[in-house]
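Analysis of the macromolecular model
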Protein chains: 2
Amino acid sequence: MTDIGLPGLDPVSDRPVFKQIADHLREAMNGPALPPGSKVPSESQLMTHYGVARMTIRNALQLLQSEGLTVAEHGKGVFVRSRPQVRRLASDRFARRHREQGKAAFIAETEESGGRPSVDSIQISEQEASAEVAKRLGLPAGQSVIVRSRRYLINDHPVETAVSYIPAHIAQGTQITHPNSGPGGIYARLEELGYRLDHFDEEIRSRMPLRDEVKALKLAPGIPVFHLIRTAYADDGQAVEVCDTVMSSDAYVLSYQLPAR
Amino acid sequence: MTDIGLPGLDPVSDRPVFKQIADHLREAMNGPALPPGSKVPSESQLMTHYGVARMTIRNALQLLQSEGLTVAEHGKGVFVRSRPQVRRLASDRFARRHREQGKAAFIAETEESGGRPSVDSIQISEQEASAEVAKRLGLPAGQSVIVRSRRYLINDHPVETAVSYIPAHIAQGTQITHPNSGPGGIYARLEELGYRLDHFDEEIRSRMPLRDEVKALKLAPGIPVFHLIRTAYADDGQAVEVCDTVMSSDAYVLSYQLPAR
DNA sequence: GCCGTCTACTCGTCTAGAGGAGTTGCTCTA
DNA sequence: TAGAGCAACTCCTCTAGACGAGTAGACGGC
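Residues numbered from 1 in each chain as written. Chains lettered and ligands numbered in written order. Predicted model: local features only at pLDDT ≥ 70, side-chain atom pairs only at ≥ 80, totals over all residues. Heavy atoms only, no water.

Under an unreviewed UniProt entry, the name given to chain A is UTRA domain-containing protein, and the organism recorded is Herbidospora solisilvae.

What follows is about the pairing of strand 3 (residues 77-80) of chain B. Residues and elements named next belong to chain B. Across the two faces of strand 3 the burial is the same, with Gly-77 and Phe-79 and Val-78 and Val-80 all buried. For strand 1 (residues 39-40) and strand 3, the ladder comprises two bridges, and the chain directions are antiparallel. Note on strand 3: the bridge partner recorded for Val-40 is Val-78. Hairpin remark: strand 2 (residues 70-73) followed by strand 3, antiparallel, with three residues in the connecting loop; positive phi at Gly-75, about 85 degrees. (Buried < 20%, exposed > 50% of the residue type's maximum accessible area, 1.4 Å probe, protein only. Helix = DSSP H or I, 4+ residues; strand = E, 2+ residues; numbered from the N terminus. Pairing = 2+ DSSP bridges.)

With that settled, the discussion passes to the relation of the copies chain B and chain A. Under the fitted operation, chain B is carried onto chain A by 0.0 Å of movement along the axis and a turn of 180 degrees, and the coordinates agree to an RMSD of 0.1 Å. Both copies of the chain, as the preceding transformation shows, are related through a two-fold rotation axis. Mapped onto chain A, 100% of the interface residues of chain B are again interface residues, and the two copies thus contact each other with one and the same surface. (Least-squares fit on C-alpha atoms with pLDDT ≥ 70 in both. Contact = heavy atoms within 4.5 Å.)

Quick look at the protein's contact with DNA strand D now. Every one of the 24 residues lining DNA strand D counts as a neighbour, but Val-17 and Thr-56 of chain A together with Ser-42, Arg-54 and Met-55 of chain B are closest to it. Between a base nitrogen of DNA strand D and a side-chain N or O atom of Arg-54 of chain A, the distance comes to 3.2 Å. Counting only elements with at least two residues in the surface near DNA strand D, the list comes to helix 1 (17-30) and helix 3 (54-66) of chain A together with helix 2 (43-50), helix 3 (54-66), strand 2 and strand 3 of chain B. Of the residues contributing to the surface near DNA strand D, the split by class is nine nonpolar, eight polar and seven charged. (Near = heavy atom within 4 Å. Polar contact = N/O pair within 3.5 Å; in protein donor to acceptor, adjacent residues only side chain to side chain. Nonpolar A, V, L, I, M, F, W, Y, C, P; charged D, E, K, R; others polar.)

The next point concerns helix 3 of chain B. Residue and element names in this part refer to chain B. Over its 13 residues, helix 3 runs 18 Å from end to end, which matches the ideal 18 Å to within 8%, given 1.5 Å per residue. Contact partners of the buried residues in helix 3: helix 1 (17-30), strand 1, helix 2, strand 2 and strand 3. At the C-terminal side of helix 3, Gly-68 shows a positive phi close to 75 degrees. (Expected span 1.5 Å × (residues − 1).)

Moving on, we get to the pattern of salt bridges. Counting across every chain of the model gives 34 salt bridges over all chains. Between Arg-151 of chain B and Asp-120 of chain B there is a salt bridge, with its nearest N and O atoms 2.9 Å apart. Remark: Asp-120 of chain B occurs in strand 5 (residues 117-128) and Arg-151 of chain B occurs in strand 6 (residues 144-154); sequence separation between them is 31 residues. A relative accessible area of 25% places Asp-120 of chain B in the partly exposed class. Close ionic contact of Arg-207 of chain B with Glu-213 of chain B constitutes a salt bridge, the shortest N to O distance being 2.9 Å. Members of the salt-bridge network, linked through shared partners, are Arg-15, Asp-23, Arg-26 and Glu-67 of chain A together with Arg-211 of chain B. (Salt bridge = Lys/Arg side-chain N within 4 Å of Asp/Glu carboxyl O.)

All names here are of chain A. With respect to the element layout, Tyr-187 can be found in helix 8 (residues 185-192). With relative accessibility at 7%, the residue Tyr-187 sits in the buried group. Spatially, the C-alpha atoms of Tyr-187 and Arg-83 are 32 Å apart, while their sequence positions differ by 104 residues. What Tyr-187 contacts, discounting residues up to four positions off in sequence, is Phe-94, Arg-99, Leu-197, Phe-200, Arg-230, Ala-232 and Glu-241. One polar contact links Tyr-187 to Glu-241, side chain to side chain, over a distance of 2.5 Å.

Bringing the nonpolar core into the picture now. Membership of the largest hydrophobic core comes to 66 residues, with the highest contact counts inside it found for Ile-204 and Leu-254 of chain A together with Ile-204 and Leu-254 of chain B. In contact with Ile-204 of chain B, not counting residues within four places along its chain, are Ile-204, Phe-226, Tyr-252, Val-253, Leu-254 and Tyr-256 of chain A together with Phe-226, His-227, Leu-228, Leu-254 and Tyr-256 of chain B. (Core = buried A, V, L, I, M, F, W, Y, C linked by side-chain atoms within 4.5 Å.)

All names here are of chain A. Strands sit in the order 1-3-2 across an open sheet of three strands; the sheet is antiparallel. If you trace the sheet from one side to the other, it starts and ends with strand 1 (39-40) and strand 2 (70-73), each paired once. The pairing of strand 2 with strand 3 (residues 77-80) spans four bridges and is classified as antiparallel. Each residue of the ladder has a partner; that of Glu-73, found in strand 3, is Gly-77.

Take the interface of chain B and chain A next. Contacts between chain B and chain A engage 40 residues on the former and 41 residues on the latter. Summing both partners gives a buried area of about 3500 Å² for chain B against chain A, and 54% of it is carried by carbon and sulfur. Scanning the region where chain B abuts chain A turns up two salt bridges. Across the pair Arg-211 of chain B and Asp-23 of chain A runs a salt bridge whose closest N-O atoms are separated by 3.2 Å. For the interface between chain B and chain A, the tally reads 13 residue pairs in polar contact (both at pLDDT 80 or more). Grouping the amino acids of the side of chain B that touches chain A by side-chain chemistry returns 15 nonpolar, nine polar and 16 charged. (Buried area = accessible area lost by both parts, 1.4 Å probe.)

Neighbouring DNA strand C are 24 residues; Arg-54 and Arg-58 of chain A together with Val-17, Ala-53 and Thr-56 of chain B lie closest to it. In the model, a base oxygen of DNA strand C is placed 3.1 Å from a nitrogen or oxygen of the His-74 of chain A side chain. Within the side chain of Thr-56 of chain B, an N or O atom sits 2.4 Å from a phosphate oxygen of DNA strand C. Where the surface near DNA strand C is concerned, the elements lending two or more residues are helix 2 (43-50), helix 3, strand 2 and strand 3 of chain A together with helix 1 and helix 3 of chain B. Grouping the constituent residues of the surface near DNA strand C by class yields nine nonpolar, eight polar and seven charged.

Before going further, it helps to examine the pairing of strand 8 (residues 197-207) of chain B. When strand 11 (residues 252-259) of chain A meets strand 8 of chain B, the two strands line up antiparallel, connected through six bridges. Each bridged residue has a counterpart across the sheet, and for Leu-258 of chain A the counterpart in strand 8 of chain B is Phe-200 of chain B. Alignment of strand 8 of chain B against strand 9 (residues 225-234) of chain B, held across ten bridges, turns out to be antiparallel. Bridging from a neighbouring strand, Leu-197 of chain B pairs with Ala-234 of chain B of strand 9 of chain B.

Set out below in structure tokens:
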């Protein structure tokens, strides 16, 4: 086999065999033997090396995959995940000075870091607000909202899905209801309508993706998602937008500045 | 079997059997048939119901577990995860007004929300800063730092581990090097030493936990962690502390306020 | 040289068993 | 009645096969 210096099993250890094998491979991945992108020995090679059944090897590989350390490619082999380029979300990303340059935050930031941004699956509809959304927007339940959903991609790879909810009485009849919301995005439109933005609240959770999210974001097994809910407030204290986004956690580092005063 | 109304398999679908079974169970968990905390039918019950081999059932259950939806308990059964109480981290949690009340952020917040906070595994040492830490602290590599590591628990359940790095020339000979850092925590001590805190930068990642983290945080399978790195800056722009924390993602919702100006 | 086929190798799915170990509750005995 | 012991049930680990489908390189025919 492609010898990467894997040790043998410890016959006295009571740690299950498949976990021991996973440990060995994890170890090798930390060293030079299995650098990111390299190929892990095949199932049959590992079977021969350790003298165990195929299922035992598969359990070990499965474990590593669920930890997000490897990806299996049908017909090719199992490979050590290489960390993809990440996008840093800074806490000033919605500052007015960026908005005034006429580009939505995502487009501007991605281009700056040398990526090719795109947006697809744009869908716009008018719906009754769910209890959750109504509460965040400070509306009575069942009030009508404009729903804008879309998917963001970098170099044609999906990284984020987003759904925005804007009270219908605000967005109705404006460019916000069009797929192309115009220069600076919907926040620029809201300001033109007289809703001067004051601040945003962001709520962040992390969890494993749902089935649909795995598909929409082409997520590898073992990669969690950020679930971020942002509420935009105008300077009169009124909530004017709620944005619910799900992001591939291996494509993002979130970054915030907190006051100490 | 405890009939929860599971449908049969779709013989024409090309979706693998174990995924179909997982789909059925996931569906049942969304409805009243399998509420949080309830017991999923046993492997042998599912074998009988679907007429498939045990491994196929186990694959399905394994999938749900890796999604963080269920927990298996040896000898008892598989149970639907119930969402634990979460702790909300607000972006003003390090505001001076809190610090001046003499309690560290974690203790104050947890008590406020009705939990019983505790801290254990406190270890303090002096080490050479790693390249990463040195860079964040703005120190030459290899400079000496005081390392404070500890684990936070709520109602005796671990939720977070944290390691702080403070330049030795600042912390040396102060209470910061003692396990009990005194009222208001190390941030209060830093201010007493004349480092008036100006702001914090927080960097957030999400990923699956390492082996040690699973143990330290008693994490169930399929639960990712937040990895948060906070840097504290004094008002002269100097970085005075770096804190590296790993948090169980099912115990936290992070919350930040962003300026729009 | 180019293209299609064949083959060997990869991982994916599934079957049908084995023994082990933790938990629970019943039964039988003292 | 209290306790020990046992049986039945749970999930965990592992074996030894089967067939399927995707990939890539060798090889031969055109």
